[in-house]
Amino acid sequence: MSTNFRSAMASANVSALWERANPDGAQLVEAPHLWPWAELDPLLDVAVAETDMETAERRVLVLENPAYQDTPRIGASLNMVVNLQVLMPGEVARPHRHRLNALRFIIEGDGRAVTTVDGTACPMFPGDFLLTPGWCWHEHSHDGKGRAVWLDALDAQLQRHLCTNEFEAGPSNDMPPPRMEDAYAVAGVTPLNLREDTPYSPIFRYPLSRVVEALGAMPAAADGSRRVRYTNPLTGGPAMPGVDCYMLAPARENETRAYRTNANMMCLAVDGEGVSQVGDTKLQWKKNDIFSLPRGHWISHRAKSGDANLFQLTDREVLARLDYLREEFRD
Ligand code: GTQ
Ligand code: FE2
């Protein structure tokens, strides 16, 4: 290419596609990664000792995927950050809101820690799943005993790429009326006079006991596993499209049917122990371990104890709505 052409292009703000190393964009192949609870747990105590909730917006440890080292990427998964937050008795994490969709999955606590979402108080018992959809006010407080620890997941990288996030500090002066969650407590029946036109579920708190009940009542799939999705009762779709959540109980006798997808998933081992085959990698997991299941690998799971439950979150619904989703199953 002539120097003249090169400098003419540069001054006209154009470039030659044929000279790019990979014009289709290198698809970063990502290895799975597991964050053992045994390593995270003591770090939470250090975080408590070294941070003051007067100055910290949130006391949060961000899981950083080693696959993203030396890349511009951040966080645990391609489109979602997965963080650990800890709050101590007497502390509050002040109210704010953002366009990022967030969820909490409670790991530790006595149920006296509370997240208040748009004015609705959601107690945080271990195993509970809480929604904090985009632009809902939320604050955390704790007047019980001992650490309150939970997993936070947000569609942060996706919205960061799209530049769609906004942030507003509280307190709010336009709090919506309280939610009527009890009106949705009976499965199969939805109230007609409550007009919910939000793109997320009218339920903000999904207790673990209800999920365990549903898993126990359903028949196992051919591979012996049971799986439920956290849904919006008004649509049957995901509780929140930005991060779509499931609970999987794999069988002990055999592996789940292998699948491969271009969606990305993160798992938290809620109970028990198990092993996940992710491409050539075997991940051994036990209670409170967190691991990534990046796109492109053949994936299957097996329990090593009878009570193994995996909480799963994925960007699958984002891909599905744009018709980008591809997935296949081995028969
Ligand atoms: O609790 O509001 O892990 O805004 C990251 C951003 C938690 C929160 C995170 C947040 C929060
Ligand atoms: Fe937040």
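Residues numbered from 1 in each chain as written. Chains lettered and ligands numbered in written order. Predicted model: local features only at pLDDT ≥ 70, side-chain atom pairs only at ≥ 80, totals over all residues. Heavy atoms only, no water.

Novice: Looking at this model, I keep getting lost on the environment of W35. Mind explaining?
Specialist: Assignment of secondary structure puts W35 in strand β1 (residues 34–35). Since its relative accessible area comes to 8%, W35 is described here as buried. Spatially, the C-alpha atoms of W35 and L268 are 9.7 Å apart, while their sequence positions differ by 233 residues. The residues touching W35, leaving out its near neighbours within four places in the chain, are L40, L63, E64, N65, P66, A76, M266, D289, I290, F291 and S292. (Helix = DSSP H or I, 4+ residues; strand = E, 2+ residues; numbered from the N terminus. Buried < 20%, exposed > 50% of the residue type's maximum accessible area, 1.4 Å probe, protein only. Contact = heavy atoms within 4.5 Å.)

Novice: What should I look at first to understand the pattern of salt bridges in this one?
Specialist: Oppositely charged side chains are able to pair whenever their charged atoms sit close together. Using the criterion set out here, one finds 20 salt bridges in the structure. Among the ionic pairs, R205 bridges to D128, the shortest N-O distance being 2.7 Å. Of this pair, R205 sits in strand β12 (residues 205–206) while D128 sits in the loop between β7 (120–123) and β8 (129–132), placing them 77 residues apart in sequence. Note on R205: relative accessible area 22%, which makes it partly exposed. A salt bridge links R229 to E317; the nearest nitrogen and oxygen atoms lie 3.0 Å apart. One end of the pair, R229, is in strand β13 (residues 226–229); the other, E317, is in helix α5 (residues 316–321), with 88 residues separating them in the sequence. (Salt bridge = Lys/Arg side-chain N within 4 Å of Asp/Glu carboxyl O.)

Novice: For this particular structure, what's the right way to read the coordination of the iron ion (ligand 2)?
Specialist: Octahedral metal centres with six donors ideally show angles of 90 or 180 degrees, and tetrahedral centres with four donors ideally show 109.5 degrees. Donor atoms from the polypeptide that bind the iron ion (ligand 2) are H96 (NE2), H98 (NE2) and H138 (NE2), placed at 2.1 Å. For the iron ion (ligand 2), all donor residues lie on one chain, and their spacing in sequence is H-x1-H-x39-H. Taken together, the residues span a long stretch of sequence, with H96 in strand β4 (residues 92–98) and H138 in strand β9 (residues 138–142) at a distance of 42 residues. Residue H96 shares its accessibility class with H138, and that shared class is buried. (Donors = N, O, S within 2.8 Å, 3.2 Å for Na, K, Ca; no water.)

Novice: Is there a simple way to think about the nonpolar core in this case?
Specialist: In summary, soluble globular proteins display a tendency toward joint burial of nonpolar side chains. Ranked by internal contacts, the top residues of the largest apolar core, which has 52 residues, are L103, F129, L151, Y230, M247, F311 and L313. Of the residues forming this core, the biggest block, five residues, is contributed by strand β10 (residues 148–154). Every residue in contact with Y230, bar those within four places of it in the chain, is listed here: F105, F129, Y206, V211, G237, P238, A239, C245, Y246, M247 and F311. Listed in part, the 15 residues of the second largest apolar core include L248, C267, L283 and F291. (Core = buried A, V, L, I, M, F, W, Y, C linked by side-chain atoms within 4.5 Å.)

Novice: Quick question: what am I supposed to make of the site of ligand 1 here?
Specialist: Surveying the vicinity of ligand 1 reveals the residues R58, V60, N83, Q85, H96, H98, R104, H138, H140, D152 and L154. Taking R104, its side chain carries an N or O atom lying 2.9 Å from an oxygen atom of ligand 1. Here an oxygen atom of ligand 1 sits 2.8 Å away from a polar atom, N or O, in the side chain of H138. Against a free-state accessible area of 290 Å², the protein chains account for coverage of 86% of ligand 1. Breaking the shell around ligand 1 down by element, the ones donating at least two residues are β3 (81–87), β4, β9 and β10. Its residues placed into classes, the shell around ligand 1 shows two nonpolar, six polar and three charged. (Near = heavy atom within 4 Å. Polar contact = N/O pair within 3.5 Å; in protein donor to acceptor, adjacent residues only side chain to side chain. Areas by Shrake-Rupley, 256 points an atom, 1.4 Å probe, with all protein chains shown as cover. Nonpolar A, V, L, I, M, F, W, Y, C, P; charged D, E, K, R; others polar.)

Novice: Would you explain unusual backbone geometry in this entry?
Specialist: In most cases, non-glycine residues show a negative phi, while peptide bonds are predominantly trans. Geometrically, the link from G170 to P171 is a cis peptide bond, its omega value of 0° lying close to zero. Despite not being glycine, C163 shows a phi value in the positive range, around 55°. Summarising the element assignment, C163 is placed in the loop between α3 (156–162) and β11 (167–169). Judged by its relative accessible area of 66%, C163 is exposed. Despite not being glycine, N288 has its phi angle at roughly 75°, a positive value. Note that N288 resides in the loop between β18 (281–286) and β19 (290–293).

Novice: Would you explain the sheet that holds β8 in this entry?
Specialist: Backbone-to-backbone hydrogen bonds join strands into a sheet, with any given pair of strands oriented parallel or antiparallel. If you walk across this open sheet you meet the six strands as β2-β3-β10-β5-β8-β12, and the pairing is antiparallel. Among the strands making up the open sheet, the edge pair consists of β2 (60–62) and β12. With seven bridges connecting them, β3 and β10 associate as antiparallel partners. Paired with V82 across the two strands is A153, which belongs to β10. (Pairing = 2+ DSSP bridges.)

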